[in-house]
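# Survey of secondary and tertiary structure
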Amino acid sequence: RLLVVDFGSQVTQLIARRLRELNVYCEIHPYQTLTDARLRDIAPQAVILSGGPDSVTRDGSPRAPQSLFEMGVPVFGICYGQQVMMEQLGGRVEAGHHAEYGRAFVTPAPGHRKDGIFAGLAEREQVWMSHGDRVTQLAPGFEVIGTSPNAPFAITADESRGFYAVQFHPEVHHTPNGRQMLENFVRLAGFTGDWTMAAYKDEAIRKIRDQVGDRKVICGLSGGVDSSVAAVLIHEAIGDQLTCVFVDHGLLRLNEAEEVVTMFRDHYNIPLIHADEADLFLGALEGISDPEVKRKTIGKLFIDVFQREAGKIDGAEFLAQGTLYPDVIESVSFSGGPSVTIKSHHNVGGLPEKMGLKLVEPLRELFKDEVRELGRELGLPSTFIGRHPFPGPGLAIRCPGEITRDKLEILRKADAVFIDQIRRHGLYDEIWQAFVAILPVRTVGVMGDGRTYDYACALRAVTSVDGMTADYYPFTHDFLGETATRIINEVKGINRVTYDITSKPPGTIEWE
Ligand code: XMP
């Protein structure tokens, strides 16, 4: 395994992600937890030292255990990691006179071979610099093997010991061939790249068993990809020590609740409590049309119901969450351990403390596409794994104005037709998210010989990489025409269909 020592860089997880892409198994350990004994236990085959926000010139700033450099294994230092290496191995680092941030170009130093760490790289490579301090004297045994105009020590190495130290961040997107450099390092360190998501799954299962022992775990299941993958994974690890709680707020899509219950209870045999609370939620939402009040009402009831149902599970000590890496802002604070913040709209935020439960978060190292891969590894159906995101407050925020059962019924049917159209035309996977919103207006139409006075609806379909920005999907006019006709013919209560062509920004993806 490869050890990544975390000095608190915001992008440490990207190092892990690059390594997983190279099929190399790695573990991230915060620098504070690494004692000599711990290092011997981990027995890494190679080490990467991450970047970090501190300055090695500051008294008491983070260091790696000195024994790490005496284990006879290759070490790669990035940014702060480079400076730690220089400082601890006998070189000198000074606080920079001017900080350098952003794009730079590195070239191999004269006389340096185009193999080893440079294999497959061009004579001039774009890299992303982000540092305030600079190396002023190399540690004994090191030499400069790559330079950039403002960074004479851009890449330094003691190749006899397999030590490399770079001033830039090879793990980030803005170092386009950084992955190649990391690949060169892991190959030099003897990794063959035979690690897979199947192995990750086994490791994750082992960790869950270690953490939980023979105690009980509750998992809030929403039917979304993340909580589903977490539930199936935990069930593989500890079987019926896991109980899932599915709070059904009556704001799900057509047949969605049944599908969730069937899949988890019947197919996977996972103990599942289905809290069917449509009456409670819809009752509380009566007369409310303000979007934020809707969200708050649903959020509060959700927690009440979840807590009530979870309270029925005797002796549960853990709460499982499908938290992903992007949900976690982790930093190694200088006084204590890593601190964690979860996105504020997380459904069960605040619950663990309130209920005195410890957290099990088996996906917190993964990015969304890796969760999907893990889901496939666990045998979840591909239609399920590729599903578009669905917001916690569900259809409530796709029904501007007051929510009524009638409107929800109409909305569900129209949404199902739209999604069916998208699947039939093979467009589902090209689209980030697609849905129908039912509008709080009725308009006049004519069908057969009669006048109609029914709701208008809006179709929404967007492309996006992360939901932060989005653009409308360019359907053909034929597709839009056919979809409008089907919705009006198949869904009683709608007589007008519009297509929302707003991008985000200035619009948002949801209507509320
Ligand atoms: P917006 O509408 O802000 O949506 O462009 C971005 C992404 O977030 C989802 N979304 C929510 N998810 N609770 C959630 O769990 C919410 O209150 C919420 N609001 C929006 C939305 O579906 C899209 O994927």
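This one's a predicted model, so the numbers in the text were calculated from it and none came from an experiment.

So, about helix 4 (residues 178-188). Where helix 4 is concerned, the buried positions are Gly 178, Met 181, Leu 182, Glu 183, Asn 184, Phe 185 and Val 186. Elements in contact with the buried residues of helix 4: strand 1 (2-6), helix 1 (12-21), strand 3 (46-49), strand 4 (75-78) and strand 11 (163-166).

A few words now on the pairing of strand 3. Alternating residues of strand 3 divide into Ala 46 and Ile 48 and Val 47 and Leu 49, and every residue in both groups is buried. The sheet contact formed by strand 1 and strand 3 spans 4 bridges and is parallel. Of the residues in strand 3, the one forming a bridge with Val 4 is Ile 48.

Another aspect to go through is the site of the ligand. The local shell around the ligand holds 12 residues, among which Pro 391, Gly 392, Thr 508, Ile 509 and Glu 510 are the closest. Broken down by class, the residue content of the shell around the ligand amounts to 4 nonpolar, 5 polar and 3 charged.

Take the packing of helix 6 (residues 225-238) against helix 11 (residues 368-377) next. Where helix 6 contacts helix 11, the axes come no closer than 10 Å and their chain directions differ by 45°. As far as their axial angle goes, helix 11 and helix 6 are oblique. As helix 6 packs across helix 11, the resulting crossing turns out to be left-handed. Across the interface between the two elements, Val 225, Asp 226 and Val 229 from helix 6 touch Val 371, Arg 372, Leu 374 and Gly 375 from helix 11. A breakdown of the residues in the contact of helix 6 with helix 11 according to their chemical character gives 4 nonpolar, 1 polar and 2 charged.

The positions UniProt marks with the feature "binding site: ATP" (unreviewed entry) are Ser 222, Gly 223, Gly 224, Val 225, Asp 226, Ser 227 and Ser 228. For Gly 224, the location among the structural elements is in the loop between strand 12 (216-220) and helix 6. For Gly 224, a count of 18 C-beta atoms within 10 Å translates into the label partly exposed.

Reading across from one edge, 14-13-12-15-18 is the order of the 5 strands in this open sheet, with parallel pairing throughout. On the outer flanks of this sheet lie strand 14 (272-276) and strand 18 (358-360), each paired with one strand and no other. Here the average twist between neighbouring strands, direction ignored, is 30°. Judged from the 4 bridges that link them, strand 12 and strand 13 (residues 242-248) form a sheet pairing that is parallel. Note that in strand 13 the partner of Gly 220 across the bridge is Val 245.

This part covers unusual backbone geometry. With an omega dihedral of -20°, the bond running from Lys 504 to Pro 505 counts as a cis peptide bond. With respect to the helices and strands, Pro 505 occurs in the segment after strand 22 (494-499). For the bond from Pro 505 to Pro 506, the omega torsion is 10°, close enough to zero to count as cis. Mapping Pro 506 onto the fold places it in the segment after strand 22. In this structure, Cys 79 is a non-glycine residue whose phi angle is positive, near 55°.

Criteria and thresholds
- Residues numbered from 1 in each chain as written.
- Predicted model: local features only at pLDDT ≥ 70, side-chain atom pairs only at ≥ 80, totals over all residues.
- Buried ≥ 20, exposed ≤ 12 C-beta atoms within 10 Å, placed from the backbone.
- Helix = DSSP H or I, 4+ residues; strand = E, 2+ residues; numbered from the N terminus.
- Contact = placed C-beta atoms within 7 Å.
- Pairing = 2+ DSSP bridges.
- Near = placed C-beta within 6 Å.
- Nonpolar A, V, L, I, M, F, W, Y, C, P; charged D, E, K, R; others polar.
- Axes fitted to C-alpha atoms, helices over the stretch in contact; angles between N-to-C directions.
- Parallel < 35°, antiparallel > 145°, perpendicular 65-115°, else oblique.
- Left-handed = near helix turned anticlockwise from the far one by under 90°.
- UniProt positions renumbered as here; feature names shortened; annotations may be inferred.

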